[in-house]
Amino acid sequence: MARRERGQGPGGRFSCPHCTYSTNLKGDFKRHQLTHTGEKPHECTFCGKRFSLKGNLQVHLHVHARQINLY
């Protein structure tokens, strides 16, 4: 079983230095940081649009799937 990394804040929480957000899950904290950095690492291979979350890219890909099926 994998060991979870604990944050440095009170109660082992990860606290955002830019706002009041805090969580005890590292993954949630990393995802939250994207709201401040504006980073969008996931790019659509069809149109080049970029997304901060992989799940949002996957939803967007349905637009292209519908376009392909219409022709």
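Whatever comes next refers back to the structure up there.
Residues numbered from 1 in each chain as written. Predicted model: local features only at pLDDT ≥ 70, side-chain atom pairs only at ≥ 80, totals over all residues. Heavy atoms only, no water.

Participant: Would you explain the pattern of salt bridges in this entry?
Facilitator: Where charged atoms from two side chains of opposite charge approach closely, those side chains can pair. Across all of its chains, the model carries two salt bridges by this definition. Residue Arg50 is joined to Glu43 by a salt bridge in which the shortest nitrogen-to-oxygen separation is 2.7 Å. Residue Glu43 is classed as partly exposed on the basis of its relative accessible area of 43%. (Salt bridge = Lys/Arg side-chain N within 4 Å of Asp/Glu carboxyl O. Buried < 20%, exposed > 50% of the residue type's maximum accessible area, 1.4 Å probe, protein only.)

Participant: What is the right way to look at the environment of His36 in this model?
Facilitator: When you line up the elements, His36 lands in helix α1 (residues 26-37). A C-alpha to C-alpha distance of 9.7 Å links His36 and Cys16, two positions 20 residues apart in sequence. Residues contacting His36, with those up to four places away along its chain left out, are Cys16, His18 and Cys19. Looking at His36, its side chain comes within polar contact range of the side chain of His32, at 3.2 Å. (Helix = DSSP H or I, 4+ residues; strand = E, 2+ residues; numbered from the N terminus. Contact = heavy atoms within 4.5 Å. Polar contact = N/O pair within 3.5 Å; in protein donor to acceptor, adjacent residues only side chain to side chain.)

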